[in-house]
Amino acid sequence: MRNIQRTILRIAGLLFCLPSFCSNPVVIGNSRFTFITDHLVRMEYAQQGQFLNDSTLFAVDRTPRCTDVKVERKEGNRYVMTTPVLRIEYYNDGFPFGQTNLFVYFRNGDAPKETRWYIASRQSRNLLGPVTTLDDVDGPIDRQEGLLSRDGWYLINDTGKEILKNGWVTERDRSHVQDLYLFVYGNDYKAALKSLQAVSGPSPMTRKYVHGSWYCRWWNYTDEDYRQLVREYREHDFPLDIMVFDMGWHTQNAKVGTGHAGTRGWTGYSWNRKLIPEPEKLISDFKDDHIYVVLNEHPHDGIRPHEDSYKAFIRALGADTLKTGVPLFDAGDRNYMNAFMKHAHQESDSMGVAFWWLDWQQDYLYPLVRGTNMKHLPWLNHIYYNYSAGNRLRGAGFSRWAGWGDHRHPIQFSGDAVGNWDLLRFEVDLTTTSGNAGCFFWAHDLGGFYDGTDPELYTRWTQFGLLNSSLRIHSVYDKKLDRRPWLWGTEAEKAMHRIYHLRSQLMPYIYSSVRQCHTDMLPLNRGMYIEYPEEEKAYQYPGQFLFGDLLLGAPITTKGKGEKKTATQEVWLPGGTSWYNFFTGEKQEGGQVIKTESPLDEFPLFIKGGHPLPMQPYTERMCSTPLTELTVRCYPGEEGADNTYTLYEDDGLTQDYLAGKYATTRLNYQKTGEQTIITVSPAEGTYEGQPRKRAYRIELPGVTTQARIQVNGKKVRATPDKELNGIVVQVKVTDIRKPVVIKIQ
């Protein structure tokens, strides 16, 4: 390795004899500049030129993708490095980067003057990011910074952070002094996020079922209790995809350990067979019904003598407990963690448990991974996610946010928050700003973990949940607090029933939007400024966001008035398109701020006119029911509209998508004069379990039965739909490889 680096330095020395040259990376003495993208430069200083190529938890791919880097050598050991986006002026004085030897210049949007960055520059207009947790939070709190800033730049300082060697964490060489990643993007926020993807890896595709309906409650449920819950979901006509077993699933009779919250019972891995005598049968029955079981765990006390797996665990460790006592949890020891992950989880995994809820709350006990300067969450999230990705399955994390790079371990659990209007309002904004750091998939405790006993508040929170990565409920151990929607009164149940059904119907669109998180690094809940960076109003309405490309949501976060609990809300509708209220069908022109009024069973949800929206018929298993009938809803577009949306499909479970095993279907809407054409192009691509044929339901709000309809050149009759305030065109089952063209005049 040292010989290679010496060769690189010799070549660099020869290049520097020239007045100007092209190179990437650029090595100047003990400094190395790697232009990862046009918008991202890594700047290292290392004694004796001992630069670092090993990955960290943040930086996993430093491939220099910028192909237009010009280097000019000036007098006095000064250099100018230029890319299409930025210019670096560097004085090689033999010392690390400081306030006098390194300056970066760039244009920030339409600003008349260049912006200058140097190492002491600080953020003044950051658009904010996520938090680690909302545990015990009852209102707004300070957030971490996000990558996106109206300053036009952001610096991630990876200096001194642990590196990965042979799959395990270790300290970096002390000769590596500085490791800086400067993102320069002006107001091109999409370029910033793509650069984050380039260096830190893409957000992986999630298991599809995590985006469905979850039931979770901290309660000591029995086998029969869980089965009754499933029956009630069906009886009340609510969908269900995931059943979470909180800590009541395991025994809580430990005699030794550090404990937590006044008891040693938090950590546990042996089934409480008094409550659940045959867990393998219960899990199997649920899985046969396409309901996936998730188990809660608090691993801080490790595996202790009361556990069924303790003896096997000790043998695997080769530990002499007579001399050393019960092994302490040690996330920094590779042998310990290998044995722990196997013996803590293998019994339940073999029963068919889908994944584990890593409920780490013990930084107050163990703030750092032993032998490192690293907190537990980043490292444990890495370990658990990789563990869950065996047998060709996609990884499935479920833990609190751990900072830069943790977007590779979805999804995130936002913690035990307090249910009130202030927290709901903050959570809406937080979910949007979290996407600015790659935290795309919060699973919130809808309604709040504590308190939140007002049915109106819970209903509004559920409406926000429609536009989240998952529709997940959870609550504290309290016999008076259970978030089953049908326990909150007829009015609230009816309103929430509407939301749960709509979530099921929207799943093809939601999952296609999740694909965008993977390919384009675009947040699922997207700040308005990402799409409209030059519009000042895009920064002025933190209570609204885009959910994917087509939907705009502004959840109600204040108490309503009157019998219908009607709430008012101002919403900014961007120009360039017309917008339609998803619940009423009312048209609004873009480029204005409107005041909405929403009774309890509605909230401000708008869709772009003239864009095809993929949906599906309601199903109680929204994430696993095959898409044998595709609904395409098209609200009227403006004259000359020609818009395409791409439906994405895969098996929803395995890593086969990485090998190209997925399908896309282009949906197009065109309007010219009195004629509208909707085209469903042939599906492209294949994956295991793909339907070969499907029916189509074309929904056309605002169109009357007087319209003349043709499907593939043949006249057909449409059906009026009062709820849609339009018509429906049914297309019989047909081969997905054949186009379907609907003409409306």
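Residues numbered from 1 in each chain as written. Predicted model: local features only at pLDDT ≥ 70, side-chain atom pairs only at ≥ 80, totals over all residues. Heavy atoms only, no water.

An unreviewed UniProt entry annotates the protein chain as DUF5110 domain-containing protein originating from Bacteroides fragilis.

## Regarding the overall build of the protein chain
If you tally the helices and strands in the protein chain, you get 13 helices and 41 strands. Computed over its C-alpha atoms, the radius of gyration of the protein chain comes to 28 Å, within 12% of the 27 Å expected for a compact globule of 745 residues. Taking the principal axes of its C-alpha atoms as reference, the protein chain extends roughly 80 × 75 × 50 Å. For the protein chain, the residues scored as buried account for 59% of the 745 residues in total. Across the protein chain, contacts joining residues at least 24 apart in sequence account for 70% of those joining residues at least 6 apart. Entry remark: accessible area of the protein chain is about 30200 Å², with carbon and sulfur atoms responsible for 48%. Once the 87 positive and 89 negative side-chain charges of the protein chain are each reduced to a mean point, those two points are 4 Å apart. (Helix = DSSP H or I, 4+ residues; strand = E, 2+ residues; numbered from the N terminus. Rg over C-alpha atoms; globule rule 2.2 N^0.38 Å. Buried < 20%, exposed > 50% of the residue type's maximum accessible area, 1.4 Å probe, protein only. Contact = heavy atoms within 4.5 Å. Areas by Shrake-Rupley, 256 points an atom, 1.4 Å probe, with all protein chains shown as cover. Lys, Arg positive; Asp, Glu negative; His and termini not counted. Charge placed at Lys NZ, Arg CZ, Asp CG, Glu CD.)

## Observations regarding helix α12 (residues 507-520)
Helix length check: α12, at 14 residues, gives a terminal C-alpha distance of 19 Å against a target of 20 Å (1.5 Å per residue), a fit within 8%. With respect to burial, α12 is a largely interior element, 12 of its 14 residues being buried. All of the buried residues in α12 are M507, P508, Y509, I510, Y511, S512, S513, V514, R515, Q516, C517 and H518. Once α12 ends, the next one or two residues include M521, with phi positive near 60°. (Expected span 1.5 Å × (residues − 1).)

## Observations regarding the UniProt feature "domain: Glycoside hydrolase family 31 TIM barrel" (unreviewed entry) in the protein chain
The UniProt record annotates "domain: Glycoside hydrolase family 31 TIM barrel" (unreviewed entry) at residues 204-512. Summarising residues 204-512: 37% helix, 9% strand, and an end-to-end C-alpha distance of 13 Å. (UniProt positions renumbered as here; feature names shortened; annotations may be inferred.)

## Here we look at the sheet that holds strand β13 (residues 176-184)
On the basis of which strands lie adjacent, the open sheet formed by 5 strands has the order β2-β3-β4-β13-β10 and antiparallel pairing. Only two strands of the sheet have a single partner each, and these edge strands are β2 (26-28) and β10 (153-157). Here the strands of the sheet are splayed against their neighbours by 20° on average, with no regard to which way each runs. Two elements, strand β4 (residues 40-46) and β13, share 7 bridges in a ladder whose sense is antiparallel. When the bridges of β13 are listed, L40 appears paired with F183. Its contacts with the sheet place helix α2 (residues 189-200) against β3 (31-37), β4 and β13, and it is angled at close to 145° to β13. (Pairing = 2+ DSSP bridges. Axes fitted to C-alpha atoms, helices over the stretch in contact; angles between N-to-C directions.)

## Some details on the packing of aromatic side chains
Following the criterion strictly, the structure yields 51 aromatic pairs and no others. Positioned above the aromatic ring of Y118 is the side chain of R116, whose terminal nitrogen or guanidinium carbon lies 5.3 Å from the ring centre. Sitting above the plane of the W357 ring, R472 keeps its charged end 5.4 Å from the centroid. (Phe/Tyr/Trp six-rings, centres within 6.5 Å; stacked < 30°, edge-to-face > 60°. Lys NZ or Arg CZ within 6 Å of the ring centre and 35° of its normal.)

## Description of the pairing of strand β5 (residues 70-74)
For β5 and strand β6 (residues 78-82), the ladder comprises 5 bridges, and the chain directions are antiparallel. Its bridge partner being in β6, K74 is matched across the sheet by R78. Adjacent in sequence and paired antiparallel, β5 and β6 are bridged by 3 residues, among which G76 carries a positive phi angle near 75°.

## With respect to the sheet that holds strand β28 (residues 587-589)
Spatial strand order, β23-β24-β25-β30-β27-β28: 6 strands in an open sheet with antiparallel pairing. Looking at strand neighbours, the two that pair on one side only are β23 (525-526) and β28, the edges of this open sheet. As paired strands, strand β24 (residues 545-547) and strand β25 (residues 551-553) are joined by 3 bridges and run antiparallel to one another. The partner of F547 across the bridge, within β25, is L551.

## Examining the packing of helix α9 (residues 421-434) against helix α10 (residues 455-466)
How two helices sit against one another is set out by the angle between their axes and by the gap between those axes. One can describe the packing of α9 onto α10 by two numbers: an axis separation of 11 Å at closest approach and a directional angle of 5°. Between α9 and α10, the angle is such that the two are roughly parallel. Contacts from W421, L423, L424, E427, V428 and T431 of α9 reach α10 at E456, L457, R460, W461 and F464. (Parallel < 35°, antiparallel > 145°, perpendicular 65-115°, else oblique.)

## With respect to the packing of helix α5 (residues 310-317) against helix α7 (residues 334-351)
The contact between α5 and α7 brings their axes to 9 Å, and the two run at 155°. Judged by the angle between their axes, α5 and α7 are roughly antiparallel. With respect to the hand of their crossing, α5 and α7 are arranged in right-handed fashion. Of the residues in α7, those in contact with A312, F313, A316 and L317 of α5 are N335, Y336, A339, F340 and H343. Class assignment for the residues of the contact of α5 with α7 results in 7 nonpolar, 2 polar and no charged. (Left-handed = near helix turned anticlockwise from the far one by under 90°. Nonpolar A, V, L, I, M, F, W, Y, C, P; charged D, E, K, R; others polar.)

## Side note on the pattern of salt bridges
A complete count under the given rule lists 49 salt bridges for this structure. Of the charged contacts in the structure, one is a salt bridge between D482 and R217, with a shortest N-O distance of 3.2 Å. Of this pair, D482 sits in the loop between β22 (471-472) and α11 (490-505) while R217 sits in the loop between β14 (213-215) and α3 (223-235), and the two are 265 residues apart along the sequence. Overall, the relative accessible area of 5% leaves R217 in the buried class. The shortest N-O distance in the salt bridge between D549 and R526 comes to 2.8 Å. Of this pair, D549 sits in the loop between β24 and β25 while R526 sits in strand β23, and the two are 23 residues apart along the sequence. Take D549: its relative accessible area is 22%, and that puts it in the partly exposed class. Here the salt bridges do not stand alone but share partners, grouping R32, R42, E44, D158, R172 and D179 into one network. (Salt bridge = Lys/Arg side-chain N within 4 Å of Asp/Glu carboxyl O.)

## Here we look at the domain arrangement of the protein chain
When its domains are assigned, the protein chain resolves into domain 1 (26-200), domain 2 (208-528), domain 3 (543-608) and domain 4 (611-744). Centre-to-centre separation of domain 1 and domain 3, based on C-alpha positions: 39 Å. (Domains from an automatic or database assignment.)

## Comments concerning the UniProt feature "domain: Glycosyl hydrolase family 31 C-terminal" (unreviewed entry) in the protein chain
Within this structure's numbering, the places UniProt gives as "domain: Glycosyl hydrolase family 31 C-terminal" (unreviewed entry) are residues 523-611. As a span, residues 523-611 carries 4% helix and 37% strand, and end to end its C-alpha atoms are 20 Å apart.

## A closer look at the nonpolar core
If you look at the biggest cluster of nonpolar residues, it comprises 166 residues, and the most contacted ones within it are F245 and F340. Looking at this core element by element, the count peaks at 7 residues for α7. For F245, the contacting residues outside a window of four places in its chain are Y226, W271, I276, L282, F286, V293, V294, L295 and N296. (Core = buried A, V, L, I, M, F, W, Y, C linked by side-chain atoms within 4.5 Å.)

## Topic: α11
The end-to-end C-alpha distance of α11 is 22 Å, a good match for the 22 Å that 16 residues give at a rise of 1.5 Å each. Buried within α11 are the following residues: A492, E493, A495, M496, I499, Y500, H501, L502, R503 and S504.

## Overview of the environment of T568
Relative to the helices and strands, T568 is located in strand β26 (residues 567-573). For T568, a relative accessible area of 44% translates into the label partly exposed. Sequence separation between T568 and V593 is 25 residues; the distance between their C-alpha atoms is 13 Å. Beyond its immediate sequence surroundings of up to four residues, T568 is in contact with T558, T596 and E597.

## Focus on the side chain of S213
Among the secondary structure elements, S213 is positioned in strand β14. A residue is classified by how much of its surface remains accessible, and S213, at 0% relative accessible area, is buried. Within the local environment of S213, its side chain forms a polar contact with the backbone oxygen of P239, the two atoms lying 2.9 Å apart. Non-local contacts of S213, meaning those with residues more than four positions away in its chain, are made with Y233, P239, L240, D241, I242, L471, Y500 and M622. (Polar contact = N/O pair within 3.5 Å; in protein donor to acceptor, adjacent residues only side chain to side chain.)

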